[in-house]
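Structural characterization, general
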Amino acid sequence: MTVNHGARSQIWHPFTQHQLEPAFKKIVQTQGAYLLDEDGRSILDAISSWWVITHGHRHPRITKAIHDAVEQLDQVIFAEYSHHAAEELARGLLDLAPAELAHVFFSDSGSTSVEVALKMALGMHHNRGSPRSRIVVMEHSYHGDTIGTMSIGARGVFNAAYEPLLFDVAHISFPAPGLQQRTLDQLEAHCRCGDVAAFIVEPLVLGAGGMKMYPSHLLKEFRRITTTHQTLLIADEVMTGWGRTGTLLACEQAGISPDILCLSKGITGGALPLAVTLSTSEIFDAHLSDNRSRMFFHSSSYTANPIACAAAAANLKVWREEPVVSRIRQVEGMHREWLAKFRTDPRFDNVRQHGTIAALDLAIAAKGYLSEVGPKLRTFFRDKDLLIRPLGNVIYLMPPYCVTEQDLRRAYEAIDEAADFIELMS
Ligand SMILES: *Cc1c(COP(=O)(O)O)cnc(C)c1O
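Since we're looking at a predicted model, the values are computed, not measured.

Rules used throughout
- Residues numbered from 1 in each chain as written.
- Predicted model: local features only at pLDDT ≥ 70, side-chain atom pairs only at ≥ 80, totals over all residues.
- Heavy atoms only, no water.
- Core = buried A, V, L, I, M, F, W, Y, C linked by side-chain atoms within 4.5 Å.
- Buried < 20%, exposed > 50% of the residue type's maximum accessible area, 1.4 Å probe, protein only.
- Helix = DSSP H or I, 4+ residues; strand = E, 2+ residues; numbered from the N terminus.
- Domains from an automatic or database assignment.
- Contact = heavy atoms within 4.5 Å.
- Buried area = accessible area lost by both parts, 1.4 Å probe.
- Salt bridge = Lys/Arg side-chain N within 4 Å of Asp/Glu carboxyl O.
- Polar contact = N/O pair within 3.5 Å; in protein donor to acceptor, adjacent residues only side chain to side chain.
- Patch = residues over 30% accessible without salt bridge, like charges linked within 9 Å, V, L, I, M, F, W, Y side chains within 5 Å.
- Areas by Shrake-Rupley, 256 points an atom, 1.4 Å probe, with all protein chains shown as cover.
- Pairing = 2+ DSSP bridges.
- Axes fitted to C-alpha atoms, helices over the stretch in contact; angles between N-to-C directions.
- Near = heavy atom within 4 Å.
- Nonpolar A, V, L, I, M, F, W, Y, C, P; charged D, E, K, R; others polar.
- UniProt positions renumbered as here; feature names shortened; annotations may be inferred.
- Disulfide = S-S within 2.5 Å.

1. Re the nonpolar core
Most often, soluble globular proteins keep nonpolar side chains buried together rather than apart. With 69 residues, the main nonpolar core has Met211, Tyr214 and Phe222 as its most contacted residues. Ranked by residues supplied to this core, first place goes to helix H9 (residues 306–321) with 10 residues. Domain assignment of the residues forming this core places at least three in each of domain 1 (27–55 + 323–424) and domain 2 (60–321). Excluding anything up to four places from it in sequence, tyrosine 214 contacts Met138, Phe174, Pro175, Val201, Glu202, Pro203, Leu204, Leu206, Leu219, Phe222 and His354. In this structure, Val351, Leu362, Ile388 and Val403 belong to the second largest nonpolar core, which totals 30 residues.

2. Some thoughts on the domain arrangement of the protein
Frequently, the measure chosen for interface size is the accessible area removed from exposure when the parts meet. By the assigned domains, the protein splits into domain 1 (27–55 + 323–424) and domain 2 (60–321). One C-alpha centre belongs to domain 1, the other to domain 2; they are set 27 Å apart. Counting residues at the interface gives 26 residues for domain 1 and 25 residues for domain 2. Carbon and sulfur atoms make up 64% of the area that domain 1 and domain 2 hide from each other, which totals about 2000 Å². Counting across the domain 1 and domain 2 interface gives zero salt bridges. Inspection of the region where domain 1 meets domain 2 yields 14 residue pairs in polar contact (both at pLDDT 80 or more).

3. Regarding a nonpolar patch on the surface
Residues Phe15, Trp50, Val157 and Phe158 make up a contiguous nonpolar surface patch of roughly 490 Å² in combined accessible area. With respect to the secondary-structure elements, tryptophan 50 resides in helix H1 (residues 48–51).

4. Some details on the sheet that holds strand E15 (residues 386–387)
Spatially, the four strands line up as an open sheet ordered E1-E2-E3-E15, and their pairing is mixed. Of all the strands in the sheet, just strand E1 (27–31) and E15 have a single pairing partner and so form its edges.

5. A word on the sheet that holds strand E13 (residues 348–354)
In spatial order, the strands read E13-E14-E16; together these three strands make up an open sheet with antiparallel pairing. Strands with a single pairing partner mark the edges of an open sheet, and in this sheet they are E13 and strand E16 (394–397). Direction aside, neighbouring strands of the sheet carry axes that sit 15° apart on average. Where E13 meets strand E14 (residues 357–362), five bridges bridge the pair, whose relative direction is antiparallel. Paired with glutamine 353 across the bridge in E14 is alanine 358. Sheet strands in contact with helix H10 (residues 324–342) are E13, E14 and E16, and its direction is about 165° off that of E13. The strands that helix H12 (residues 405–425) touches are E13, E14 and E16; relative to E16, the one it contacts most, it runs at about 170°.

6. Regarding unusual backbone geometry
Phi is positive for histidine 140, which is not a glycine, with a value near 70°. Here histidine 140 shows up in the loop between strand E5 (134–138) and helix H5 (147–151). Overall, the relative accessible area of 29% leaves histidine 140 in the partly exposed class. The backbone of lysine 265 sits at a positive phi, close to 25°, despite the residue not being glycine. Turning to its location among the elements, lysine 265 is positioned in the loop between strand E11 (260–263) and strand E12 (275–280). By relative accessible area, which is 21% here, lysine 265 ends up partly exposed.

7. A word on the site of the ligand
Lining the immediate environment of the ligand, one finds Trp51, Ser109, Gly110, Ser111, Tyr142, His143, Gly144, Glu202, Asp236, Val238, Met239 and Lys265. Between the ligand and the protein, one listed contact pairs an oxygen atom with a backbone N or O atom of glycine 110 at 2.8 Å. Bound to the protein, the ligand loses 83% of the 380 Å² it would expose on its own. Across the shell around the ligand, the residue classes break down as four nonpolar, five polar and three charged.

8. Description of the UniProt feature "binding site: substrate" (unreviewed entry) in the protein
Here, UniProt's "binding site: substrate" (unreviewed entry) annotation points to Trp50, Tyr142, Lys265, Ser299 and Arg389. Judged by maximum C-alpha separation, these annotated positions cover 340 residues in sequence and are scattered in space, the widest gap reaching 33.3 Å. Inspection of the secondary structure puts serine 299 in the loop between helix H8 (281–285) and H9. We classify serine 299 as exposed; its relative accessible area is 59%. Along the chain, the position of arginine 389 falls in the loop between E15 and E16. Not counting residues within four places of it along the chain, the set of residues in contact with arginine 389 comprises Phe15, Ile47, Trp50, Arg378 and Tyr396.

9. Quick notes on the state of the cysteines
Throughout the structure, instances matching the rule amount to zero disulfides. Counting only cysteine sulfurs, cysteine 251 is the nearest neighbor of cysteine 262, a cysteine outside any disulfide, at a range of 11 Å.

Now the structure itself:
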């Protein structure tokens, strides 16, 4: 097949093999759970545009807050000066977060919020003169695409080229049913060595690793073990935060507080890029000194962008003043009913749900074939005006909370058909 490159855009898209993809349709408008493309097709955004949109596209209050903010401010330096939107947002975040978290550091993406978390952990130990630098991570984790966050994430074809530059970390296995004690024992064994700075984990759901889910009582155990050995617990809630797992934060379901909490994606309702890393006073205080060499050495140019902060402050108001939790309960209930139908279906394995995230694995044996399943399914769903991007043979739905019963019916009926389609192809 020859591709007419002349007609093509010069844009290099993320996670895209351009040789194998058709030219991308342009999205010209978004509204609620839908994307409108240049041909006038209305596409159900069943994965919240890569997990960022929480309430729905262009939530009126968030959109208005952005309009109002641009009348006052654009970017302003965030050393030497502060601004009201950041102050309001920081106070609001600390009101919502577990009481142990006392400080808010701003950045601009999930990956950066995790890099900041790692630097905070190492910085605390360094400044105390007892350097610990080992990081413990869970198998199948994803924490971002920078060199640092790839180092602490699962290794695979997506980071093979960069492997020589990635640093070593200690691993614990994913706590699959029946193997949970093994995971806890591994964590205990690593932490007991006394050189572990931090254990970083995605609470309840490992997103990019394949929507792998584990129960909340394990989070409690992670907290107990790390506390015992003075190892910092970093919760990467970049994906799980903002209601995805049924509560504002996934950590709430275990009643625990991490030492460091990373938030991004849904922090602005998905409208603008922003991230925060929350820390305890203990970590902040370890950077407090008469000595400038002990300050926290990190900044992004767009730290605490005032327009993004205004969007996030409006998002907090939405959470406080609108029935967000009852919308989430409705989505949860709809998923539960549909998934029940698939639970005994031999075409699917591992039917699972945490809150508004529903996932099921296509029961296909041919491993080599797996890599082709994802793109085939994507095309299948796209032809039905559904944005669903399976992770290999893992099909999942993570819709915005305004999604309706009819919307989800369409998505689940398509998943049902997709299983037959894949069987016919194999
Ligand atoms: C998406 C994600 C990140 C990275 O966020 P970016 O904004 O894409 O850099 C980090 N951690 C988790 C758990 C994520 O899902």
